[in-house]
Amino acid sequence: MVAEREGYDLVVLGSGAAGFAAAIRATELGAGVALVESATVGGTCVNTGCIPSKAMLAPADLLFRAGHHPFPGIATRADGVDLPALSAARADLVERLRRERYLEVADGHGFGVLHGRARFEDASTIAIGGRRLSAGALVVATGASPLLPPIEGLAEAAPLTTTTALELTELPAELVVIGTGPSGLEMGQLLLHLGSRVTFLESEPRIAPEEEPETSDALRGALEDAGATVMTGVAITRVSREGGRRVLTVEHDGRERTIGTDQVLVAAGRRPNSEDLEPARAGIAVDARGALWVDGALRTTNPRVWAAGDVTGHPQLVYLAAREGALAASNALLGRAETLDLRALPRVIFTSPTAAAAGLTAAQAEEQGIACDSRVLPMSAVPRAIVNRDTRGFVKLVAEVGTGRILGASVVAEGAGEVILGAVYAIQFGVTTAQLAATWAPYLTVAEGLRLAAQTFTRDVGTLSCCAA
């Protein structure tokens, strides 16, 4: 018996940031919406990504600081960690936010969540078990999953991912982290601060390879100062298990060596969740990694299907996914072709110190043929950092030659994620270094570093008093 076809104005696949934003926007436009989820409602951010990782990073950093602080006359002591209790608190927070920010939000907007694994039946029909959903338009927002690189023996060694590492209830004495993008650095430092001996392996010549070289240097210094081993330019040839241990065979500095460890954490990228959808049945093109091809308006090669978030292969940032989800729904239902302006898109690595950036790096500007100039202000020139006795890091501004228009900014410092917002505004609205240098900045804040960095394009701030204009 053929299942009855259920019709909607919009079917959304995936209940993460992009999917929920799409469903919310659609209901605001008066559309009938079906939201489909094959796993846990809420997607990566609330369940296995942003929320739980930051919920663990904060106490890990507090524990580390208790035993490592720069202030004379203050005696503190770190007595270790009850990892099961910490993990339980994380799980409770995740459960509460999933309920309050997703399930109750769905009820408030009047759309339910249909559970089941979806696949395309044709250009406009989705099959979910025995149900068939049709729609005038569809938004695919199925996200991405951790990727295991093709290293001999790696899968058999049962490595941790950034998802499963959050569920640990026993701290590994030794840990090797494969990959030093944001997730690898954050999770590796988290376990380092809790007490594991951590080795970071990166195939590129430097860690955080997509960021400014100064960012890589500052983060490497912070990790090594905390006791981590950082190896770059590493090729991992195989991984094996020997009893309860893992052994990695690597090539580094022209020679082969082995590294023994209790656990391996893989943070070497994520693969778009598209294969189970069978997108070819709907005439939807994908790239070699499985990312759905979309145009600037987020429309796929099927004119009735849009896509948003990590499944598109775009930068994996939850706020970008949410904006894309809302835009995809608007374009689909209103017949528009609006696009997003990503010139000032920010990004943050929640290590300690934090690394944040917005806009273009100097190398990216040059690759685009833009003549640029840049300045780097060390945090040792920022009064707040001096007072805090933590001068790790810097502020770097990249500006267009001739106009002085700010194209990009990078900050490594405590609170860099807050500081970068000022740079986002500057980039978005075409502020020049001269204008930023002449703008008010509150004294004794890390954010003052942006203004000081802008001043370095025309003066030596080292010759100024600490509160000089």
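What counts, and at which threshold
- Residues numbered from 1 in each chain as written.
- Predicted model: local features only at pLDDT ≥ 70, side-chain atom pairs only at ≥ 80, totals over all residues.
- Heavy atoms only, no water.
- Axes fitted to C-alpha atoms, helices over the stretch in contact; angles between N-to-C directions.
- Helix = DSSP H or I, 4+ residues; strand = E, 2+ residues; numbered from the N terminus.
- Parallel < 35°, antiparallel > 145°, perpendicular 65-115°, else oblique.
- Left-handed = near helix turned anticlockwise from the far one by under 90°.
- Contact = heavy atoms within 4.5 Å.
- Pairing = 2+ DSSP bridges.
- Buried < 20%, exposed > 50% of the residue type's maximum accessible area, 1.4 Å probe, protein only.
- Expected span 1.5 Å × (residues − 1).
- Arc of directions from axis to C-beta.
- Phe/Tyr/Trp six-rings, centres within 6.5 Å; stacked < 30°, edge-to-face > 60°.

Two elements in contact, helix α3 (residues 50-67) and helix α4 (residues 83-109), have axes separated by 9 Å at closest approach and are oriented at 140 degrees. When the interaxial angle is binned, α3 and α4 end up oblique. Our pair here, α3 against α4, has a crossing hand that is right-handed. Residues Ile51, Pro52, Ala55, Met56 and Pro59 of α3 lie in contact with α4, whose contacting residues are Leu83, Leu86, Arg90, Leu93, Val94 and Leu97.

Hydrogen bonds along the backbone pair up the strands of a sheet, which may run parallel or antiparallel. Here 5 strands make up an open sheet; going across it, the order is β8-β15-β9-β10-β11 and the pairing parallel. Because the sheet does not close on itself, it has two edges, and the strands there are β8 (160-161) and β11 (229-232). In this sheet, strand β10 (residues 197-202) lies alongside strand β9 (residues 174-178) in parallel orientation, the contact comprising 5 bridges. Across the sheet, residue Val177 finds its bridge partner in β10, namely Phe200. Sheet strands touched by helix α5 (residues 182-194): β9, β10 and β15 (263-266). Its angle to β10, the strand with the most contacts, is close to 165 degrees.

Time to look at the environment of Cys372. Summarising the element assignment, Cys372 is placed in strand β20 (residues 372-378). Expressed as a C-alpha distance, the spacing of Cys372 and Gly422, which sit 50 residues apart in the sequence, is 20 Å.

As a further point, take the pairing of strand β2 (residues 33-37). With 5 of 5 residues buried, β2 lies mostly within the body of the structure. What you see with β2 is no split at all: Val33, Leu35 and Glu37 on one side and Ala34 and Val36 on the other are buried throughout.

All right, on to helix α6 (residues 213-225) then. In this model α6 runs 18 Å from its N-terminal to its C-terminal C-alpha over 13 residues, within 8% of the 18 Å that 1.5 Å per residue would give. Along α6, the residues that are buried comprise Thr215, Ser216, Leu219, Ala222 and Leu223. Take α6 and look down its axis: the buried residues cluster within an arc of 135 degrees, on one side only. Away from its buried face by more than 90 degrees, α6 exposes Asp217 and Asp225. Two residues or fewer past α6, Gly227 is found with a positive phi of approximately 105 degrees.

On to the packing of aromatic side chains. Per the stated rule, a full pass over the model turns up 2 aromatic pairs. Judged by centre distance (4.9 Å) and plane angle (80 degrees), the ring pair of Phe20 and Tyr102 falls under edge-to-face. Pair noted here: Phe20 is in helix α1 (residues 17-28) and Tyr102 is in helix α4, with a separation of 82 residues, a long-range link. The residues Phe20 and Tyr102 share a single accessibility class, namely buried. Every member of this aromatic cluster is reached through a ring pair, and the members are Phe20, Tyr102 and Phe111.

Turning our eyes to something else, we now look at the sheet that holds strand β13 (residues 245-252). Pairing in this open sheet of 3 strands is antiparallel, and the strands run β12-β13-β14 from one edge to the other. One side of each edge strand has no neighbouring strand; the edge strands of this open sheet are β12 (235-242) and β14 (255-261). Taken over all neighbouring pairs, the strand axes of this sheet differ in orientation by 20 degrees on average, direction set aside. By the bridge criterion, 7 bridges tie β12 to β13 in an arrangement that is antiparallel. Residue pairing in the sheet places Ser240 in a bridge with Val247 of β13.

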